[in-house]
Amino acid sequence: MDINSRYSAEQLAHFKVIEQTLAEMNERAAQSGEVTDILPFSEEELTEYSRYCQLLLRERALSEED
Amino acid sequence: MSSGRYIQTILEHLRQHADLPPIIGRKGDARTFREEKLALKAEGYPVRKTRALVKKYMAGNLDRFTQALTADCILVPVPSGSGKNLLTEVFAVELSKLTGASLLSAGIIGKTHHYEAKNNLSILKRVNDPIGYHIDSKAFASETHGKKVIIVDDLIGSGESCVQLKRAISRENVRVHGFANLLTVENYYPTINDLTRFVGRFTSLGVVKDLEALTFAQKVFNTFGDFTRQKMNRVEREIRNEATAIKFKECITRADAQTRRHQNHIHYGHQQQILSRAARAL
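Residues numbered from 1 in each chain as written. Chains lettered and ligands numbered in written order. Predicted model: local features only at pLDDT ≥ 70, side-chain atom pairs only at ≥ 80, totals over all residues.

Right, let's talk about the overall build of chain B for a bit. When its secondary structure is counted, chain B shows 13 helices and seven strands. Over its C-alpha atoms chain B spans a radius of gyration of 19 Å, differing by no more than 12% from the 19 Å that the globule rule assigns to 282 residues. Out of the 282 residues belonging to chain B, those deemed buried represent 42%. Across chain B, every contact between residues at least 6 apart in sequence was considered, and the portion connecting residues at least 24 apart equals 83%. (Helix = DSSP H or I, 4+ residues; strand = E, 2+ residues; numbered from the N terminus. Rg over C-alpha atoms; globule rule 2.2 N^0.38 Å. Buried ≥ 20, exposed ≤ 12 C-beta atoms within 10 Å, placed from the backbone. Contact = placed C-beta atoms within 7 Å.)

Right, here's the structure in full:
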C-alpha cells in the first residue's frame, strides 16, 4: 500500500509545512549557531511527522533502486 | 574522609549500578564521514550511493558486528532528526541482513524535538528543546518481546540521540543491550576520574559548597553519566570562571530535574537505594 494513501490530504499538507519549517529552523541554526526559543509544533505533531518520515525512509532503504 | 573522597565514593556506586550498554562501532575521526554524509544529503540520499557508503564503513567492522549481534537481537534505528537521513535506515537493513537480527517496524517510534542534535549541542539551549522520542508502547512491547534491543545510528559523538532513545526505551521497561554505529567519535563513558574532576571544577571555583557537593555529584552523574565522554568534556572546556560555572550549575540542575521527570520512578527509587547504601558504607 502506498504510504501517502494512509494519510489524508490535510495531514500530508501539514507534514509539508512541518518539513519546510524544520528545514528552515535547522538551516538558520547551522548558519548562525543560534537556536530560537519559539518552538512552533507540539510533540504530537512532531511525532506523527517523524513516523511518516520513517515509513518513507524504510521503504527506500529496503529498495534497490533510486 | 575528605569531601573529595566522599564524592568519588558516591560516583563509584552510581556508575557501578548504571546501565551503560556497549558501544559497537569503530572509533575514528568523523570529519571525512561527515563530508561524505553532507555530499549524500545534497543529492537527497540516493539509495545506491547511500548503500555504498554504508558498506564501505561496515567493511572494517564486520567481525565486531557479527560477534555482538545475533538472531535474537532486534535493531531499533534512531529516527532521523531531519526526517531525511537515509544512512541509519540503510545501515540497519544491512546489519539485519548480515547478522540475522530482526528490524523494528518503521513508525513505532517518533521524535518529539524540533532541532537536529548537531544544531543544538549546547546543554544551555538543549533544555528548551530536549531530544526526545515517543514510543507506541503496545507495538513496541509486542515486537521486542524476548529480543535483545540494539539501538542503531550512523554516527555516535556525544551519544545524545542514542542515549535519549535508550532512556525512552527504558521507560517502556525494556533494556537496551548495545549501540551499533558505523563510526564512533568517542566510545567511552565518563570515568570516575572524569566525573570527580568535573565536580571538582565547581567546588574549586566556590560555586558548589562542600555541603551540597554530594547532591551536585549525583546531578552531574544524572546529566552526563550515560553519555559518552565527549558531552561532559565539551562542557568542561567551557567552564572558564565563576560566572560560566554558575551558568552551567543552573543548567545541570535543570537537566537533572528533566532527566528525573523523564525517568520512571522505579529507576529513581533504585538510585536512592544505591546512594543510601553508599552513605552507609562511608
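Counting its secondary structure elements, chain A contains two helices and zero strands. Whereas a compact globule of 66 residues would reach a radius of gyration of roughly 11 Å, chain A reaches 14 Å, over 25% beyond that. Expressed as lengths along the three principal axes of its C-alpha atoms, the size of chain A is roughly 40 × 30 × 15 Å. In chain A, which comprises 66 residues, the proportion classed as buried is 23%.

Time to look at the environment of B:Gln8. All names here are of chain B. Its location among the elements puts Gln8 in helix α1 (residues 3–16). When the C-alpha positions of Gln8 and Arg197 are compared, they lie 9.5 Å apart, and in sequence the two are 189 residues distant. If we skip the residues at most four places from it in the chain, Gln8 touches Ile192 and Thr196.

Looking at soluble globular proteins, one finds that nonpolar side chains tend to be buried together. Residues and elements named next belong to chain B. Of all hydrophobic cores here, the largest spans 77 residues; its most connected members are Leu75, Ile150, Ile151, Val152, Ala217 and Val220. Viewed by domain, this core spans two of them, domain 1 (3–18 + 189–281) and domain 2 (23–184), each represented by three or more residues. Every residue in contact with Ile150, bar those within four places of it in the chain, is listed here: Leu69, Cys73, Leu75, Val76, Ala101, His177, Gly178 and Ala180. (Core = buried A, V, L, I, M, F, W, Y, C linked by C-beta atoms within 7 Å. Domains from an automatic or database assignment.)

Moving on to the interface of chain A and chain B. With 28 residues of chain A at the interface, the matching set in chain B holds 25 residues. Of all the secondary-structure elements, those providing two or more residues to the side of chain A that touches chain B are α1 (9–32) and α2 (43–62) of chain A. It is α2(A) that provides the largest number of residues to the side of chain A that touches chain B, a total of 15 residues. For the side of chain A that touches chain B, the class distribution of residues is 14 nonpolar, five polar and nine charged. (Nonpolar A, V, L, I, M, F, W, Y, C, P; charged D, E, K, R; others polar.)

Many authors give the size of an interface as the accessible area that is lost as the parts come together. Per the domain assignment, the segments making up chain B are domain 1 (3–18 + 189–281) and domain 2 (23–184). Computed from C-alpha coordinates alone, the two centres of domain 1 of chain B and domain 2 of chain B are separated by 27 Å.

Here the focus is the sheet that holds strand β6 (residues 148–156) of chain B. Residue and element names in this part refer to chain B. Pairing is parallel across the open sheet formed by five strands, whose spatial order is β1-β7-β6-β2-β3. Each edge of the open sheet is held by one strand with a lone partner, namely β1 (23–27) and β3 (102–103). Relative to β3, strand β2 (residues 73–77) runs parallel, the two sharing two bridges. Bridging from a neighbouring strand, Ile74 pairs with Ser102 of β3. (Pairing = 2+ DSSP bridges.)

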